[in-house]
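Structure at a glance
Okay, here's what each chain looks like letter by letter:
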Number of protein chains: 2
Amino acid sequence: MTNEWYYEQFENHTRLGMRVRRRLVTEQSEFQKIELFEAERYGRVLALDGVYQTSEAEEYFYHEMLVHPAMTSAPRIRRALVIGGGDGGTAREVLKHPEVEQCVMVEIDARVVEACKAHLPAIGTAWDDPRLDLRIGDGIAFVKEADTEPFDVIFLDGSDPIGPSTGLYDEAFYRGCTRVLAPHGVFALQSESPFLMRGIFLRIQETLRRVFGRVDPYFGPAPIYGCGIWSWTCASRGIDPTAIVDARAERIETQSRYYNRDVHRGAFAVPNDLRR
Amino acid sequence: MTNEWYYEQFENHTRLGMRVRRRLVTEQSEFQKIELFEAERYGRVLALDGVYQTSEAEEYFYHEMLVHPAMTSAPRIRRALVIGGGDGGTAREVLKHPEVEQCVMVEIDARVVEACKAHLPAIGTAWDDPRLDLRIGDGIAFVKEADTEPFDVIFLDGSDPIGPSTGLYDEAFYRGCTRVLAPHGVFALQSESPFLMRGIFLRIQETLRRVFGRVDPYFGPAPIYGCGIWSWTCASRGIDPTAIVDARAERIETQSRYYNRDVHRGAFAVPNDLRR
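First things first, this report covers the structure right here in the doc. (Residues numbered from 1 in each chain as written. Chains lettered and ligands numbered in written order. Predicted model: local features only at pLDDT ≥ 70, side-chain atom pairs only at ≥ 80, totals over all residues. Heavy atoms only, no water.)

**Looking at the overall build of chain A**
Keep this limit in mind: Secondary structure elements follow DSSP: runs of H or I of four or more residues count as helices, runs of E of two or more count as strands, with numbering from the N terminus. It is over C-alpha atoms that the radius of gyration is taken, and the globule rule equals 2.2 Å times the number of residues to the power 0.38. A simple rule labels every residue: compare its accessible area, found with a 1.4 Å probe on the protein chains alone, to the largest value its type can have, and call it buried under 20%, exposed over 50%, or partly exposed in between. Contacts are assigned to residue pairs with any non-hydrogen atoms lying within 4.5 Å of each other. In short, Shrake-Rupley with a 1.4 Å probe defines the accessible areas, and a residue's cover is counted only from the protein chains shown. Residues scored as charged are limited to Lys and Arg (positive) and Asp and Glu (negative), so that His and the chain ends carry no count. The location of each charge is read from NZ of Lys, CZ of Arg, CG of Asp or CD of Glu.
The helix and strand inventory of chain A stands at eight helices and 12 strands. Against the globule reference of 19 Å for 276 residues, chain A gives a C-alpha radius of gyration of 18 Å, in line with a compact fold. Taken over the C-alpha atoms alone, chain A extends approximately 55 × 45 × 40 Å along its principal axes. The buried share among the 276 residues of chain A stands at 64%. Put simply, 64% of the contacts in chain A that link residues at least 6 apart link residues at least 24 apart. Surface exposure of chain A reaches about 10000 Å², of which carbon and sulfur atoms provide 47%. Side-chain charges in chain A split into 33 positive and 41 negative, and the spacing between the mean points of these groups amounts to 3 Å.

**Description of the sheet that holds strand S12 (residues 230–236) of chain B**
All names here are of chain B. Quick reminder of the rule: Two strands qualify as a pair provided DSSP detects at least 2 bridges between them. Every axis in this analysis is a line fitted to C-alpha atoms, fitted for helices over the stretch in contact. Angles between the N-to-C directions lie between 0 and 180 degrees.
Ordered by their spatial adjacency, seven strands build an open sheet running S8-S7-S6-S9-S10-S12-S11, and the pairing between neighbours is mixed. Two strands in the sheet have a free side with no partner beyond their single neighbour: strand S8 (132–136) and strand S11 (214–220). The average angle at which neighbouring strand axes cross in this sheet is 15 degrees, direction not considered. Looking at chain direction, strand S10 (residues 181–190) and S12 are connected through five bridges and run antiparallel.

**Here we look at the nonpolar core**
Taken as a class, soluble globular proteins show a tendency for nonpolar side chains to be buried jointly. Test applied: Within this scheme, the nonpolar core is defined by two criteria: the residues are buried Ala, Val, Leu, Ile, Met, Phe, Trp, Tyr or Cys, and they are joined through side-chain atoms within 4.5 Å.
The biggest cluster of nonpolar side chains holds 126 residues, and the ones touching the most others in it are Phe 155 of chain A together with Phe 155 of chain B. Beyond its immediate stretch of four places on either side in the chain, Phe 155 of chain A contacts Leu 66, Val 67, Ala 70, Met 71, Leu 81, Val 82, Ile 83, Thr 90, Val 94 and Ala 188 of chain A.

**Digging into the sheet that holds strand S7 (residues 102–107) of chain A**
All names here are of chain A. As summarised here, the arrangement of the seven strands in space is S8-S7-S6-S9-S10-S12-S11, forming an open sheet in which the pairing is mixed. If you trace the sheet from one side to the other, it starts and ends with strand S8 (132–136) and strand S11 (214–220), each paired once. Sheet twist, expressed as the average angle between the axes of neighbouring strands with direction ignored, equals 15 degrees. By the bridge criterion, five bridges tie S7 to S8 in an arrangement that is parallel. Bridging across to S8, Val 106 finds its partner in Arg 135. Contacts from helix H5 (residues 171–180) reach strand S6 (79–84), strand S9 (151–157) and strand S10 (181–190), with the element oriented near 140 degrees to S10.

**Side note on the environment of Val 270 of chain A**
All names here are of chain A. Inspection of the secondary structure puts Val 270 in the segment after helix H8 (261–267). Assessed through its relative accessible area of 19%, Val 270 is described here as buried. Each C-alpha atom of the pair Val 270 and Ser 236 lies 18 Å from the other, and the pair is 34 residues apart in sequence.

**Concerning helix H6 (residues 198–211) of chain B**
Residues and elements named next belong to chain B. What counts is decided by this rule: Under the convention used throughout, the expected extent of a helix is 1.5 Å for every residue step, that is, one less than its residue count.
The end-to-end C-alpha distance of H6 is 20 Å, a good match for the 20 Å that 14 residues give at a rise of 1.5 Å each. Those residues of H6 lying buried are Phe 201, Ile 204, Gln 205, Thr 207, Leu 208 and Val 211. Where H6 is buried, its residues touch helix H5 (171–180), S10, S11 and S12.

**Brief notes about the relation of the copies chain B and chain A**
Each of the two copies of the chain can be brought onto the other by a rotation about an axis and a shift along it. Condition: When the copies are superposed, the least-squares fit draws on C-alpha atoms of residues that have pLDDT of at least 70 in both.
Screw-axis analysis of chain B against chain A gives a translation of 0.0 Å along the axis, an RMSD of 0.0 Å, and a rotation angle of 180 degrees. On this basis, the relationship between the two copies can be described by a two-fold rotation axis. Scanning chain B for the C-alpha nearest the rotation axis identifies Gly 266 of chain B, at a separation of 1.8 Å. A symmetric contact is evident, with 100% of the interface residues of chain B recurring at the interface of chain A.

**Here's the deal with the interface of chain B and chain A**
So the rule is basically this: Two parts placed together each lose some accessible area under a 1.4 Å probe, and adding up what both lose gives the buried area. Basic side-chain nitrogens of Lys or Arg form a salt bridge, by our definition, when they fall within 4 Å of a carboxyl oxygen of Asp or Glu. Three residue categories are used. Nonpolar comprises Ala, Val, Leu, Ile, Met, Phe, Trp, Tyr, Cys and Pro, charged comprises Asp, Glu, Lys and Arg, and polar comprises the others, including Gly.
Counting from both sides, the interface comprises 43 residues of chain B and, opposite them, 43 residues of chain A. Counting the surface lost from both chain B and chain A, the interface buries some 3700 Å², and carbon and sulfur atoms represent 52% of this. Applying the counting criterion to the chain B and chain A interface returns two salt bridges. Arg 275 of chain A is the salt-bridge partner of Asp 262 of chain B, the closest N and O atoms lying 2.9 Å from each other. Listed by contribution, the elements that provide at least two residues to the side of chain B that touches chain A are strand S1 (5–10), strand S2 (14–28), helix H1 (59–71) and helix H8 (261–267) of chain B. Its residues placed into classes, the side of chain B that touches chain A shows 22 nonpolar, 11 polar and 10 charged. Where strand S2 (residues 14–28) of chain A and S2 of chain B come together, five bridges link them in antiparallel fashion. Paired with Thr 14 of chain A across the bridge in S2 of chain B is Met 18 of chain B.

**Re the packing of H5 of chain B against H6 of chain B**
Residues and elements named next belong to chain B. Inclusion rule: Roughly parallel means an angle under 35 degrees; roughly antiparallel means over 145; roughly perpendicular covers 65 to 115; every other angle is labelled oblique. Handedness of a crossing follows from how the near helix is turned relative to the far one, being left-handed for an anticlockwise turn of less than a right angle and right-handed for a clockwise one.
It is at 9 Å that the axes of H5 and H6 come closest, and there the two elements cross at 45 degrees. What the angle tells us is that H5 and H6 run oblique. Helix-helix and strand crossings are classified by hand; for H5 and H6 the assignment is right-handed. Each of Glu 171, Tyr 174, Arg 175 and Thr 178 in H5 lies in contact with H6, whose residues at this interface are Ile 204, Thr 207, Leu 208, Arg 210 and Val 211. A class-by-class count of the residues in the contact of H5 with H6 yields four nonpolar, two polar and three charged.

Structure, rendered in structure tokens:
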């Protein structure tokens with residue numbers, strides 16, 4: 001056992017440390033510092049600019065919860081768009097649904113994808129799926145300018161609102177999403193911790209409400225984010241994200257570790273202090 | 001801002017660090033090492049034998065979720081027993097219910113109670129409630145030997161199964177609880193993390209099933225336990241813990257920060273990989 005610890009420091013007050021078995025990647029890309037290492041308990045871990053993004057041991061909570069509530073409740077799921085998600089976990093969960101004919105993924109940092117392909121094969125298991133159309137580029141520009149058929153579902157899998165992800169929290173970006181989203185479409189995003197980042201969580205909800213007719217946050221675990229409770233949000237013109245298409249959910253439940261229909265419905269319970 | 005960090009190290013692999021503003025108590029009692037400090041983000045924090053127990057900033061998740069599912073679904077809640085819970089948060093939540101006529105609390109370590117009374121007044125707000133009968137003593141001996149009227153609800157608020165809490169995870173202790181529990185009574189306990197302490201979580205469930213007719217785990221956040229998902233469990237002869245008495249829950253919702261009826265029902269959704 002090594003004596004090296006990796007620490008994420010959250011603001012000035014909290015640190016989550018993991019014992020490192022082996023360093024795999026330490027590199028500065030055009031956009032951010034990329035670190036990959038093997039941890040004693042969490043398997044392989046990706047950190048960007050010093051912030052944990054994903055780990056083999058617990059990524060299923062985050063990826064299943066970002067993807068399946070929307071994928072089991074959207075009216076159609078033929079065409080999917082993933083913005084960010086460079087580790088490949090979100091695209092993997094999307095592509096578990098056989099109804100998906102095409103999944104376009106727009107990730108800004110080619111080096112993140114390359115590092116994850118090389119070192120996180122257990123997370124990105126769908127890189128070779130012929131339905132995946134991976135494009136290296138700016139998701140903000142894509143939703144603003146792309147000449148594309150509309151998408152039935154859009155997933156935003158970005159990092160915290162610092163560095164390359166800052167613009168992913170703006171009203172302009174959400175309006176771009178509505179431009180490429182089908183009228184019956186559902187937009188699902190990670191929306192930070194309602195406990196440790198309460199201000200950011202609330203700002204995301206307000207900004208979404210200015211753009212979408214219906215906005216439903218939901219909640220669940222994300223162990224390495226170190227805050228006890230994480231949130232994701234479904235936004236649409238009026239789709240009820242708890243109206244589950246049982247046939248889709250039943251199929252997913254045979255492959256999921258956290259997600260099932262009870263978990264899906266339960267996740268939409270809003271903590272008392274977040275109700276208006 | 002000081003540069004002192006307090007770390008809980010979990011097994012050999014993970015550390016959760018908090019920046020310390022000020023140390024309040026560092027003392028070895030007859031049973032354990034008691035530490036209290038003021039943290040930069042979490043307010044005042046209690047650690048026992050190096051393990052975080054509670055903090056002003058997020059204790060409401062844990063205490064509300066330990067107490068209110070049982071208190072809003074048990075047929076009667078006139079007499080309550082709390083085992084452990086030396087910070088006073090569990091007794092405080094129990095005593096928010098006006099139906100409670102007596103709450104007996106059995107805590108083994110007088111020094112924990114004294115330190116928390118002195119330094120965590122925001123958590124233990126019910127020490128002077130005339131319905132509270134605080135006894136310093138061994139909870140295991142109490143449930144085995146006490147000559148007492150039966151209790152309608154029993155709460156086990158103990159620390160991890162090391163040190164003075166080890167015996168609180170044994171079948172013999174649970175059998176003791178049934179001895180002092182009314183036939184219609186409900187026993188609610190913290191049952192560790194189903195993710196980071198999966199083995200312990202499963203063992204608790206199995207042991208409870210040997211003793212009680214009905215055992216329902218439920219799940220929620222506990223930020224400073226650093227594992228993304230915590231569990232509690234209701235055990236009884238056959239009471240459905242999701243059959244909520246609305247009048248009681250409505251009253252509690254006006255005072256709670258996390259708990260409400262949607263959260264209550266949603267918490268009983270079992271993660272897919274924990275279903276049999």
